[in-house]
Amino acid sequence: MAIDVVSCPVCRQKLAIQIYMRVGSRMVCANKECGTSLRLVSRRPLQVERVAEAETFNPDDRPESYG
Ligand SMILES: [Zn+2]
């Protein structure tokens, strides 16, 4: 089996976790209504957690003109 499935902690959407995804990998909920940023925190048992919105911003990626 190459794909594991986990439920979004926010909306319970079933999400496919690719075999190559490691703990700490980021993903976004497949439910467009949800779109929550998630992080893989455990493989056994398979578990994801919501990533705080602020954490998803990498300051280095922001244009200098921003704000
Ligand atoms: Zn979701």
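Remember, predicted model here, so these are calculated numbers, not experimental data.

1. A word on the sheet that holds strand β3 (residues 26-28)
In space, the three strands of this open sheet follow the order β3-β4-β5, with antiparallel pairing throughout. Edge positions in the sheet fall to β3 and β5 (46-50), since each of these pairs with one other strand and no more. Here the average twist between neighbouring strands, direction ignored, is 40°. Pairing between strand β4 (residues 37-43) and β5: five bridges, direction antiparallel. Counted as the bridge partner of L38 is R50 from β5.

2. Some points on the pairing of strand β1 (residues 3-7)
Note that β1 and strand β2 (residues 14-18) share five bridges and pair antiparallel. When the sheet's bridge partners are listed, V6 is paired in β2 with L15. Linking β1 back to β2 in an antiparallel pair, the connection comprises six residues, with R12 at a positive phi of about 70°.

3. A few points about the pairing of β4
Two faces make up the sheet, and in a regular strand the side chains alternate between them. In terms of burial, β4 is largely enclosed, as five of its seven residues are buried. Taken together, the three bridges between β3 and β4 define a ladder with antiparallel strand orientation. Bridge pairing links V28 to S37 in β4. Where β4 folds back on β5, the antiparallel hairpin that results is connected by two residues.

4. Digging into the nonpolar core
Within the largest apolar cluster, 10 residues are counted, these being V6, C8, L15, I17, M21, M27, C29, L38, L40 and V48. Apart from residues lying up to four places away in sequence, M27 is in contact with I17, M21, T36, S37, L38, R39, L40 and V48.

Procedures and definitions
Residues numbered from 1 in each chain as written. Predicted model: local features only at pLDDT ≥ 70, side-chain atom pairs only at ≥ 80, totals over all residues. Heavy atoms only, no water. Pairing = 2+ DSSP bridges. Helix = DSSP H or I, 4+ residues; strand = E, 2+ residues; numbered from the N terminus. Axes fitted to C-alpha atoms, helices over the stretch in contact; angles between N-to-C directions. Buried < 20%, exposed > 50% of the residue type's maximum accessible area, 1.4 Å probe, protein only. Core = buried A, V, L, I, M, F, W, Y, C linked by side-chain atoms within 4.5 Å. Contact = heavy atoms within 4.5 Å.

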